[in-house]
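# Fold and geometry: a report
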Amino acid sequence: QAFVEVSKGSRNKYEWDEKLGHIVLDRVLHSAVFYPHNYGFIPQTLCGDGDPLDVLIMGADPLEPGCFVDVRPIGYLVMQDEKGTDEKLLG
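Attention here is on the structure that accompanies the text. Everything quoted here is computed from the prediction, not taken from an experiment.

### Thoughts on the overall build of the chain
Tallying secondary structure elements over the chain gives zero helices and eight strands in all. Seen in sequence order, the chain has helices and strands lined up from the N terminus as β-β-β-β-β-β-β-β. Over its C-alpha trace the chain gives a radius of gyration of 13 Å, about what one expects of a compact globule, namely 12 Å for 91 residues. A burial count over the chain gives 31% of its 91 residues as buried. Within the chain, residue pairs in contact and separated by at least 24 positions form 48% of the contacts whose partners lie at least 6 positions apart. Carbon together with sulfur atoms contributes 56% to the accessible area of the chain, which is approximately 5,900 Å² in total.

This is the structure:
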């Protein structure tokens, strides 16, 4: 199961805060950029960047941040960001 942090079409970037045990607003995207699909992570995983495995959740409708959803893997991306390797699951 995946934990949803950001809804499809949203400009609000939420992230899970381990200390608080809640999702918090990390930033608002102020350009024409938005999340094309729901976005979150797979709990109890750990990637090379020290974060849980990110997942881009393909679907027709936005999902509510904070919910869990079953995801079937359809692809895997290995990308680079400021922290180094950033792995993402497509599902």
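From this point, the discussion proceeds with the structure in view.
### Overview of the packing of aromatic side chains
Within the structure shown, the criterion is met by four aromatic pairs. Centre to centre, the rings of phenylalanine 3 and phenylalanine 68 are 5.2 Å apart; their planes meet at 70°, and the pair counts as edge-to-face. Of this pair, phenylalanine 3 sits in strand S1 (residues 2–6) while phenylalanine 68 sits in strand S6 (residues 68–69), and the two are 65 residues apart along the sequence. Among the aromatic residues, those joined into a ring-pair cluster are Phe3, Trp16, Phe41 and Phe68.

### As for the nonpolar core
In this structure, Ala2, Val4, Ile42, Cys47, Leu53, Val55, Ile57, Val69 and Leu89 together form the largest nonpolar core, which totals nine residues. For this core, the secondary structure elements donating two or more residues are S1 and strand S5 (53–57). The element that contributes the greatest number of residues to this core is S5, accounting for three residues. Ignoring anything within four residues of it in the chain, the contact list for isoleucine 42 reads Gln1, Ala2, Pro52, Leu53, Val55 and Leu89.

### Quick notes on the side chain of glutamate 5
Positionally, glutamate 5 belongs in strand S1. Of the side chains bearing the opposite charge, lysine 13 lies closest to the buried glutamate 5, which forms no salt bridge; the N-O distance is 4.3 Å. Here the side chain of glutamate 5 touches tryptophan 16 through a polar contact of 2.9 Å, landing on its backbone nitrogen. In this structure, glutamate 5 is in contact with Lys13, Tyr14, Glu15, Trp16, Tyr39, Gly40, Phe41 and Pro65, ignoring residues within four places of it in sequence.

### A word on the environment of proline 65
Tracing the backbone through its elements, the reader meets proline 65 in the loop between S5 and S6. Leaving out residues up to four positions away in the same chain, proline 65 has contacts with Val4, Glu5, Ser7, Tyr14 and Ile23.

Reading the values: rules and limits
- Every chain's residues receive numbers from 1 upward, in the order its sequence appears when written.
- Local features in a predicted model are, by the rule used here, given only for residues with pLDDT of at least 70; side-chain atom pairs are given and counted only at 80 or more, and totals for whole chains, interfaces and linings are based on all residues.
- Only hydrogens and water are removed before side-chain values are computed, so all heavy atoms of the structure are retained for them.
- We count a stretch as a helix when DSSP gives it H or I for four or more residues in a row; a strand needs E for two or more, and each element gets its number in order from the N terminus.
- It is over C-alpha atoms that the radius of gyration is taken, and the globule rule equals 2.2 Å times the number of residues to the power 0.38.
- For each residue, the accessible area found with a 1.4 Å probe, counting protein chains only, is set against the maximum for its type, and the residue is called buried under 20%, exposed over 50%, and partly exposed in between.
- Residues count as neighbours in contact if any of their non-hydrogen atoms are within 4.5 Å of one another.
- Note that accessible areas follow from Shrake-Rupley with a 1.4 Å probe, and for residues the cover is restricted to the protein chains shown.
- Pairing of aromatic side chains here covers Phe, Tyr and the six-membered ring of Trp, requires ring centres within 6.5 Å, and sorts the geometry by plane angle: under 30 degrees stacked, over 60 edge-to-face, intermediate tilted.
- Here, the term nonpolar core denotes a set of buried Ala, Val, Leu, Ile, Met, Phe, Trp, Tyr and Cys residues that are joined through side-chain atoms within 4.5 Å.
- When charges are counted, Lys and Arg contribute as positive and Asp and Glu as negative, whereas His and the chain ends are disregarded.
- When a carboxyl oxygen of Asp or Glu lies within 4 Å of a side-chain nitrogen of Lys or Arg, that pair is called a salt bridge.
- Pairs of N or O atoms within 3.5 Å make up the polar contacts considered here, provided that, within protein, one atom can donate a hydrogen while the other can accept it, and that residues adjacent in sequence are counted only when both atoms are side-chain atoms.

Any functional reading would require information beyond the geometric quantities listed.
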